[in-house]
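Take a look at the letters that make up each chain.
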Amino acid sequence: MEPGVNICVGNLDEMITNKKKDLDKCEEELRSLEYSYMVRREALMGYKIKLQEDLINTLKESKGIFNV
């Protein structure tokens, strides 16, 4: 063992295992956030399309009213 190094192998293995677990949790949370983002984005895009269709229909109706 090099001078100044006093970490035993058991503790080192445990540290590595814990860091891998932390990394796995982080990656899982990122995947969850990405999925949530995609679901939210799709919902907003659907709502945007509905609003656009409503606007077009309203404009068509108003054009009919003013062309009488």
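## Points about the overall build of the protein chain
- Within the protein chain one finds one helix and zero strands.
- For the protein chain, the proportion of its 68 residues judged to be buried stands at 0%.
- For the protein chain, the accessible area works out to roughly 6800 Å², and carbon and sulfur atoms hold 60% of it.

## Structural notes on a negative patch on the surface
- Taken together, the side chains of Asp22, Asp24, Glu27, Glu28 and Glu29 define an acidic patch exposed on the protein surface.
- Considering the arrangement of structural elements, one finds Glu28 in helix α1 (residues 9-66).

## What about a nonpolar patch on the surface?
- Among the surface-exposed residues, Leu12, Met15 and Ile16 lie close enough to one another that they form a single nonpolar patch of about 250 Å² accessible area.
- Following the sequence through the fold, Met15 ends up in helix α1.

## Overview of the pattern of salt bridges
- Inspection of the entire model under this criterion finds one salt bridge.
- With its nearest N and O atoms 2.9 Å apart, the salt bridge here joins Asp54 to Lys50. Of this pair, Asp54 and Lys50 both sit in helix α1, separated by four residues, roughly a single helical turn.
- Looking at Asp54, the relative accessible area reads 33%, which means it is partly exposed.

Criteria and cut-off values
Residues numbered from 1 in each chain as written. Predicted model: local features only at pLDDT ≥ 70, side-chain atom pairs only at ≥ 80, totals over all residues. Heavy atoms only, no water. Helix = DSSP H or I, 4+ residues; strand = E, 2+ residues; numbered from the N terminus. Buried < 20%, exposed > 50% of the residue type's maximum accessible area, 1.4 Å probe, protein only. Areas by Shrake-Rupley, 256 points an atom, 1.4 Å probe, with all protein chains shown as cover. Patch = residues over 30% accessible without salt bridge, like charges linked within 9 Å, V, L, I, M, F, W, Y side chains within 5 Å. Salt bridge = Lys/Arg side-chain N within 4 Å of Asp/Glu carboxyl O. Lys, Arg positive; Asp, Glu negative; His and termini not counted. Charge placed at Lys NZ, Arg CZ, Asp CG, Glu CD.

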